[in-house]
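Geometric and topological summary
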Amino acid sequence: MLVMIGHFIGIHIRNICFYCGFSYSLFLYVLACFSLGAVYKAAQMMQTRNMYIVFLVYIALFFCNFQFNILRTGIMGSCVWIAYAYWANNEKYKAWMWVVIACGFHFIGLMF
């Protein structure tokens, strides 16, 4: 049930962008901003001292790869990092919510 909700959210975001006439470059820009924001939030919640290292590792692994499937996996990974941070802070409901959002981008988010 949770997977279907996450997939439903992801499809509607895509449809909204399609019907508004966004180009693919703007759509990918919005997804990249969301992904970088999610990585930043997770790093803040985990009280990371050096944000530059966090962004360097993220950009080296996911952001510079131009294949859309890898970008979806990167966004899913960003959402899962936020879920980990909430789980570590004993906020299980918010953690599950972020796992559902991650599954909206890629079903492999269930493995985490």
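For the structure itself, look to the data block above.
Residues numbered from 1 in each chain as written. Predicted model: local features only at pLDDT ≥ 70, side-chain atom pairs only at ≥ 80, totals over all residues. Heavy atoms only, no water.

1. Some points on the layout of surface pockets
The space that makes up the second largest pocket amounts to roughly 250 Å³. What lines the second largest pocket is a set of 14 residues, among which V39, V54, V57, Y58 and W81 lie closest to the centre. Elements with a contribution of two residues or more to the lining of the second largest pocket: α2 (24-45), α3 (51-63) and α4 (68-88). Its residues assigned to classes, the lining of the second largest pocket comprises ten nonpolar, four polar and no charged. (1 Å grid on protein atoms, 1.4 Å probe; cavity = no way out; pocket = protein on both sides within 12 Å on 5 of 7 lines; lining within 4 Å. Points joined across faces, edges and corners; volume = space filled by probe spheres on them. Helix = DSSP H or I, 4+ residues; strand = E, 2+ residues; numbered from the N terminus. Nonpolar A, V, L, I, M, F, W, Y, C, P; charged D, E, K, R; others polar.)

2. Description of the nonpolar core
I75, M76, I82, Y86, W98, A102 and F105 are the most contacted members of the largest nonpolar core, which totals 17 residues. Secondary structure elements with two or more residues in this core: α2, α4 and α5 (92-105). When residues in this core are grouped by element, the largest group, eight residues, is from α4. With sequence-adjacent residues up to four places away left out, I75 is seen in contact with L31, F34, S35, Y58 and F105. (Core = buried A, V, L, I, M, F, W, Y, C linked by side-chain atoms within 4.5 Å. Buried < 20%, exposed > 50% of the residue type's maximum accessible area, 1.4 Å probe, protein only. Contact = heavy atoms within 4.5 Å.)

3. Here's the deal with α5
In a regular helix each residue adds 1.5 Å, so 14 residues correspond to 20 Å; α5 covers 20 Å between its end C-alpha atoms and thus fits that length. Within α5 the residues assigned to the buried category are A95, W98, V99, V100, A102, C103, G104 and F105. (Expected span 1.5 Å × (residues − 1).)

4. Description of the packing of aromatic side chains
In total, this model carries three aromatic pairs according to the counting rule given. Plain terms: the ring middles of W81 and Y84 are 5.5 Å apart, the flat faces sit at 80° to each other, and that makes the pair edge-to-face. Here W81 and its partner Y84 are both found in helix α4, three residues apart, which amounts to about one turn of the helix. Among the residues examined, Y84 registers a relative accessible area of 36% and is labelled partly exposed. With a centroid separation of 6.1 Å and an interplanar angle of 80°, the aromatic rings of W87 and W96 are classed as edge-to-face. On the basis of relative accessibility, which here comes to 41%, the residue W87 falls in the partly exposed class. Residue classification places W96 among the partly exposed positions, given a relative accessible area of 47%. The ring of W87 carries K92 above its face, with NZ or CZ at 4.1 Å from the centroid. (Phe/Tyr/Trp six-rings, centres within 6.5 Å; stacked < 30°, edge-to-face > 60°. Lys NZ or Arg CZ within 6 Å of the ring centre and 35° of its normal.)

5. Things to note about the pattern of salt bridges
A full pass over the atoms with the stated rule returns one salt bridge. Residues K94 and E91 are paired through a salt bridge, measuring 3.3 Å at the closest nitrogen-oxygen approach. (Salt bridge = Lys/Arg side-chain N within 4 Å of Asp/Glu carboxyl O.)

6. Quick look at unusual backbone geometry
Phi angles above zero are rare outside glycine, and Q47 is one such case at about 55°. As for its position among the elements, Q47 is in the loop between α2 and α3. For Q47, a relative accessible area of 67% corresponds to the exposed category. Despite not being glycine, N90 shows a phi value in the positive range, around 60°. Its place among the elements puts N90 in the loop between α4 and α5. Residue class for N90 comes out exposed when judged on its relative accessible area of 62%.

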